[in-house]
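Take a look at the letters that make up each chain.
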Amino acid sequence: MAEIINFPKITFKDVTQELKAKFKDQNYPYECWQCWHGGAYLGLISWSESNEQYGFYPQTDTQIVITASIMRDIYDKMWELMKDRVLN
């Protein structure tokens, strides 16, 4: 079962295992988290190969409002994921 973490405004669902299965690579070293607010799917936090860091990939087929507190939760989760990464 996927890990679910509740921040003040956002619920994060760990979908790392689904990503590893999709890539057919159980050694893929990065995490992947869905971002939910209430019943609305906001997007995904995942590794960006081109930027060599975690990025937020927003859901684009629905119109949503992302307030500062929601953005802060997403930022805090990305910061948590990046704190142990070494950047070039």
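Residues numbered from 1 in each chain as written. Predicted model: local features only at pLDDT ≥ 70, side-chain atom pairs only at ≥ 80, totals over all residues. Heavy atoms only, no water.

### Quick word on the overall build of the chain
In step 1: Check the secondary structure of the chain and you find 2 helices and 5 strands.
In step 2: Order of helices (α) and strands (β) in the chain, N terminus to C terminus: β-β-α-β-β-β-α.
In step 3: For the chain, the C-alpha radius of gyration of 13 Å lies close to 12 Å, the compact-globule estimate for 88 residues.
In step 4: With respect to the three principal axes, the spread of C-alpha positions in the chain is 35 × 30 × 25 Å. (Helix = DSSP H or I, 4+ residues; strand = E, 2+ residues; numbered from the N terminus. Rg over C-alpha atoms; globule rule 2.2 N^0.38 Å.)

### Some details on helix α1 (residues 16-23)
In step 1: Those residues of α1 not exposed but buried are T16, L19 and K20. Taken end-on, α1 shows its buried residues confined to a sector of 100 degrees, consistent with a single buried face.
In step 2: Considering only its buried residues, α1 is in contact with β2 (11-14) and β4 (40-48).
In step 3: Immediately beyond the C-terminal end of α1, within one or two residues, lies K24, with a positive phi of roughly 55 degrees. (Buried < 20%, exposed > 50% of the residue type's maximum accessible area, 1.4 Å probe, protein only. Arc of directions from axis to C-beta. Contact = heavy atoms within 4.5 Å.)

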